[in-house]
Amino acid sequence: MLDNLKKYNIVLASNSPRRKELLAGLGLAFEVRVLPNIAESYPADLPVDEIPAYLAAMKAEANRIGMKPADLLLTADTIVVCGDAVLGKPKDRAEAIAMLRLLSGRTHRVITGVCITSHGAQRKFSVSTDVTFKELSDDEIDFYVTNYKPYDKAGAYGIQEWIGYAGVTSISGSFFNVMGLPVQRLYAELQTFK
């Protein structure tokens, strides 16, 4: 599969254990290379749906300096959108609790942007998934934040963890997108990448 990629050395520019697991699930050989402290800021007037792909492309640009001629770089960024609020990773416990209280009993969107970069080409896209939570009690939120410490996750939760089992009542779209990498769409994009 994906014979068109045999000329490339696939590089995942992410420390996310979930992205590593999901990319490995496609049966691709890859290495991980991560630059520290890449800013995750975007213009205030950027439409919400464009934020993740913009951030993924920023990460790609930062990583271009160290790219070797045969590298195929994969970068990604995920946000959670609830009402007018754009949620990234919580800074601390208080912010994680506030985010989960906001998501409680509501439907929100998880948008992941992906950027595929070689020396000769670049392609970026976003995938959106709707997720609905039941009303979460303060005890449930406290239990989750205390035991799972979701500070590295957009929206302060991982759908593959306890809160996903206990709190998610419905999902419309890609489950893997909510985990941080829309692997089905990525696979389709990689099939046609030159």
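In what follows, the structure referred to is the one given above.
Caption draft 1: The environment of Ile 171, seen in detail. The topology assignment puts Ile 171 in strand 7 (residues 168–172). Take Ile 171: its relative accessible area is 35%, and that puts it in the partly exposed class. With 64 residues separating them along the chain, Ile 171 and Thr 107 place their C-alpha atoms 9.0 Å apart. Beyond its immediate sequence surroundings of up to four residues, Ile 171 is in contact with Thr 129, Asp 130, Val 131, Ile 159 and Val 178.

Caption draft 2: Focus on the pattern of salt bridges. Per the counting criterion, the structure on display carries 16 salt bridges. The salt bridge involving Asp 138 is made with Arg 101; its shortest N-O contact spans 3.3 Å. Of this pair, Asp 138 sits in helix 4 (residues 138–148) while Arg 101 sits in helix 3 (residues 93–103); the two residues are 37 residues apart in sequence, bridging distant segments of the chain. Taking the relative accessible area as the measure of exposure, Arg 101 reaches 48% and is therefore partly exposed. In this structure, a network of salt bridges that share partners links the residues Arg 18, Asp 152, Lys 153 and Glu 161.

Caption draft 3: Quick peek at helix 3. Along helix 3, the residues that are buried comprise Ala 96, Ile 97, Met 99, Leu 100 and Leu 103. Along the axis of helix 3, the buried residues cluster in a sector spanning 160°; they form a single face. For helix 3, the elements touching its buried residues are strand 3 (71–82), strand 4 (85–87), strand 5 (107–117), strand 6 (122–133), helix 4 and helix 5 (162–167). Of the residues flanking the start of helix 3, the one acting as N-cap is Asp 92, its side-chain oxygen 3.3 Å from the backbone nitrogen of Ala 94. Positive phi appears at Gly 105, one or two residues downstream of helix 3, with a value of about 75°.

So, how was this worked out
Residues numbered from 1 in each chain as written. Predicted model: local features only at pLDDT ≥ 70, side-chain atom pairs only at ≥ 80, totals over all residues. Heavy atoms only, no water. Helix = DSSP H or I, 4+ residues; strand = E, 2+ residues; numbered from the N terminus. Buried < 20%, exposed > 50% of the residue type's maximum accessible area, 1.4 Å probe, protein only. Contact = heavy atoms within 4.5 Å. Salt bridge = Lys/Arg side-chain N within 4 Å of Asp/Glu carboxyl O. Arc of directions from axis to C-beta. Polar contact = N/O pair within 3.5 Å; in protein donor to acceptor, adjacent residues only side chain to side chain.

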